[in-house]
Amino acid sequence: MTVVVAPPVPRTLLERLRWAVVDAWTVTRRDLAHWARQPAVVVVALLFPVMTVLMFGYLFGGAMSVPGGGDYREFLLPGMFALTMVFGIEATMVAVTSDAAKGVTDRFRSMPMAPSAVVAGRGIADMLSSTVGLAVLIACGLAVGWRWHHGAGQALLGVGLLLLLRFALLWVGIYLGLLARSPEVVTAVQILVWPLGFLSNVFVAPATMPGWLGAVAAWNPLSATAAATRELFGNPGWGGEAWIAENALAMAVVWPLVLLAVFFPLSVRRFQRLSR
Amino acid sequence: MSETGFAVVAEGLRKRYGETRALDGFDVTVPAGTVCGLLGPNGAGKTTAIRILATLLRPGGGRAEVAGFDVVRQAAQVRHHIGLLGQHAAVDEVLSGRQNLLLFGRLYHLDPRAARRRADELLDQFALAGAAGKPARQYSGGMRRRLDLAISLILAPSVLFLDEPTTGLDPRGRNEVWQAIRELVAGGTTVLLTTQYLDEADQLADRISVIDHGRAIAEGTPDQLKSEIGGDRIDVVLRSADELPAAAATVGRVTGADPEVDQHTRRVSAPVRDRVAALTEVVRALDDSGITAEDIALRRPTLDEVFLHLTGRRADEEVAA
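Residues numbered from 1 in each chain as written. Chains lettered and ligands numbered in written order. Predicted model: local features only at pLDDT ≥ 70, side-chain atom pairs only at ≥ 80, totals over all residues.

Student: What exactly am I supposed to notice about the overall build of chain A here?
Tutor: The helix and strand tally for chain A stands at 11 helices and zero strands. Ordered by position in the sequence, the α and β elements of chain A form the string α-α-α-α-α-α-α-α-α-α-α. A compact globule built from 276 residues would reach a C-alpha radius of gyration of about 19 Å, and chain A, at 21 Å, matches this within 12%. Seen along its three principal axes, the alpha-carbon backbone of chain A occupies a region of about 75 × 35 × 35 Å. Within the span of chain A, comprising 276 residues, buried residues form 38% of the whole. (Helix = DSSP H or I, 4+ residues; strand = E, 2+ residues; numbered from the N terminus. Rg over C-alpha atoms; globule rule 2.2 N^0.38 Å. Buried ≥ 20, exposed ≤ 12 C-beta atoms within 10 Å, placed from the backbone.)

Student: Which parts of the structure should I look at to understand the overall build of chain B?
Tutor: Along chain B, the regular secondary structure elements total 11 helices and 14 strands. C-alpha extents for chain B along the principal axes are approximately 75 × 45 × 35 Å. Split into buried and exposed, the 321 residues of chain B put 49% on the buried side. Sequence separation of at least 24 residues holds for 67% of the intrachain contacts in chain B that already meet a minimum separation of 6. (Contact = placed C-beta atoms within 7 Å.)

Student: Looking at this structure, how should I read the interface of chain B and chain A?
Tutor: In this assembly, 30 residues from chain B lie in contact with 25 residues from chain A. Going through the elements one at a time, helix H2 (75–81), strand S6 (82–85), helix H3 (97–107) and helix H4 (112–125) of chain B are the ones with two or more residues in the side of chain B that touches chain A. Among the residues forming the side of chain B that touches chain A, the class breakdown is 16 nonpolar, seven polar and seven charged. (Nonpolar A, V, L, I, M, F, W, Y, C, P; charged D, E, K, R; others polar.)

Student: Sorry, what's going on with the environment of Ala248(B) here?
Tutor: All names here are of chain B. Examined against the element boundaries, Ala248 turns out to sit in helix H9 (residues 244–255). As for Ala248 and Val261, which are separated by 13 residues in sequence, their C-alpha atoms are 7.0 Å apart. Beyond its immediate chain neighbours, meaning those up to four positions away, Ala248 contacts Pro259, Val261 and Val268.

Student: Help me understand helix H3 (residues 72–101) of chain A in this model?
Tutor: Since there are 3.6 residues in each turn of an α-helix, residues three or four apart along the chain are aligned in direction. Over its 30 residues, H3(A) extends 44 Å from the first C-alpha to the last, a length consistent with the 44 Å expected when each residue adds 1.5 Å. Once H3(A) finishes, Gly103(A) follows within two positions and takes phi at roughly 85 degrees, a positive value. (Expected span 1.5 Å × (residues − 1).)

Student: Even after reading the chapter, I still don't get the packing of helix H2 (residues 39–60) of chain A against H3(A), so can you show me in this structure?
Tutor: Relative placement of two packed helices is described by the angle separating their axes and the distance separating the axes. Residue and element names in this part refer to chain A. For the pair H2 and H3, the least separation of the axes is 10 Å and the interaxial angle reads 150 degrees. Taken together, H2 and H3 sit at an angle that is classed as roughly antiparallel. Note that H2 runs across H3; the crossing there is right-handed. Of the residues in H3, those touching H2 at Pro49, Thr52, Val53, Phe56 and Gly57 are Tyr72, Arg73, Leu76, Leu77, Met80 and Thr84. Classifying every residue of the contact of H2 with H3 gives seven nonpolar, three polar and one charged. (Axes fitted to C-alpha atoms, helices over the stretch in contact; angles between N-to-C directions. Parallel < 35°, antiparallel > 145°, perpendicular 65-115°, else oblique. Left-handed = near helix turned anticlockwise from the far one by under 90°.)

Student: It is not clear to me how unusual backbone geometry should be interpreted in this structure. Could you clarify?
Tutor: Apart from glycine, the bulk of residues carry a negative phi angle, and the bulk of peptide bonds sit in the trans form. Residue and element names in this part refer to chain B. One non-glycine residue with positive phi stands out, namely Thr55, at about 65 degrees. Along the chain, the position of Thr55 falls in the loop between helix H1 (46–53) and strand S4 (61–66). Despite not being glycine, His213 shows a phi value in the positive range, around 50 degrees.

Student: What am I meant to see in the sheet that holds S4(B) here?
Tutor: Across a sheet, strands are paired by hydrogen bonds formed along the backbone, either parallel or antiparallel in direction. Spatial strand order, S2-S1-S4-S5 (chain B): four strands in an open sheet with antiparallel pairing. At either end of the open sheet lies a strand with only one pairing partner, and these are strand S2 (20–31) and strand S5 (69–70) of chain B. (Pairing = 2+ DSSP bridges.)

Student: What is the right way to look at the nonpolar core in this model?
Tutor: One broad rule of soluble globular proteins: the nonpolar side chains tend to lie buried together. Ranked by internal contacts, the top residues of the largest apolar core, which has 142 residues, are Ala82(A), Val8(B), Leu53(B), Val66(B) and Phe161(B). Sorting elements by how many residues they give to this core places H3(A) first, with 13 residues. The residues touching Phe161(B), leaving out its near neighbours within four places in the chain, are Ile50(B), Leu53(B), Ala54(B), Ile82(B), Leu84(B), Leu85(B) and Leu192(B). Counting 13 residues, the second largest nonpolar core, distinct from the first, contains Val254(B), Val272(B), Ala278(B) and Ile291(B). (Core = buried A, V, L, I, M, F, W, Y, C linked by C-beta atoms within 7 Å.)

Student: Got a minute to help me understand the pairing of strand S1 (residues 6–17) of chain B in this structure?
Tutor: Across a regular strand the side chains alternate sides, sitting on one face of the sheet and then on the other. Sheet topology note: the S1(B)/S2(B) ladder contains nine bridges and is antiparallel. Counterpart to Arg16(B) in the pairing with S2(B) is Arg21(B).

In structure tokens:
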């Protein structure tokens, strides 16, 4: 057996920072290797939102009336983008819970690596996968006739808002994943994320819902991002006189920041509490 | 290693979860290069002890040193010198065996070439080279555990913690893992392992510490503990319950002990000193008395019997106690 020489434990802040970056990237590459090993799983995950777009766009779309009489698919796509960002929370949660249950998280924590890399690597991998998922959905949108009308700059801003929502929900997923002790909890969240997705302005105007339900739907962070991206892409939206409807753009920034401010510290604390 | 020659020293470790005292003044010392078995039933505090020593948990009280470093203040240094095998095989099941070793090798900050060389070495050492490219999900339980062990050994740690390393494995997988552990120990690694099985501790450990209610209640070599408990036992199962008194008398006479008689299973059980001689003599004596035995077996005392002896209660009464 050869002698294994491991680099010594970093002493300076700079060395520690370097380990944090290198280790986070190594953990990220683990997920990339998963994709390469399971292309079928990746394809199914990417095709699910595409299928939803086709289903709503062509099956139900005929029965939907779009504000201003525009094309339903023009209206539908921004909502689907936002919904896909929300559903990403499941993937994060499943990954975090299964690593914890299988002892992989403990293995990481018992190794001389940067502790932050466990969570950071997960985050980078999930953001990469959501970005790819969004790109595929945008391509699908273009194929079914959706367009952006206010130029590339505004369109990119819209994409930025979508990824900001995903980034905020990433920490919700990590927190819930660390909190969940069993796969049953994950299943519960997978089910609950559906009403959460539908209780929004993605498919139906909140104004058509019973008063209080409409208010909840209008204030759903998902609705803010959907309404804001409709504005930025120049697609038809529900409009409305309510303050929340008129300030969708601002709320599409504020909501994710609020979620981040709450769930980022919660996740970090939860991770540190694993040693309690 | 610390100047005391001990690879692991724990003194008065405490850990509470709410009202439950998982560890309540737990002490253990493991001399460098030896194997120590922590033997105890579920909930005795074995896993909590291992998790504290492997820096996964902070102790509520007491102190511990591993490889000469304090597990709380110098956790990073401790992690450099330990390998940990948890209760489940902590391998990435999607990745292949080699990819697992490369991933964790990189996380141990080996450069790519060193990580590759180490992966190949470990695959050979643990007889996994043939399955190196297959996803770990397709491995048998024993193979997965061996991969798990190989990952723990990437940095050739001086201290290895094994938390119930063979739980859930079939006899073959168990033997594979035992063999791998024996080879490591021959190479000088210090091992602290937990187990619920006396025979596992017996097979692997130089010294055994019996743990109950979060503290060590007995400590010694396997032979010392067994002789304290009364060593191995002989079980005689009869064809007819009518012959139980006669059989008990015969077994008692041969072994010089007061046998236990179980009416339900028609079994007479007694401690023996010399295994083989006792077996021969019991068979002959039963034959002479014309008693028909359905089964005669020598066996190690069970954890239950160790517990009964040391604590006066059965291991599975843990929760009620």
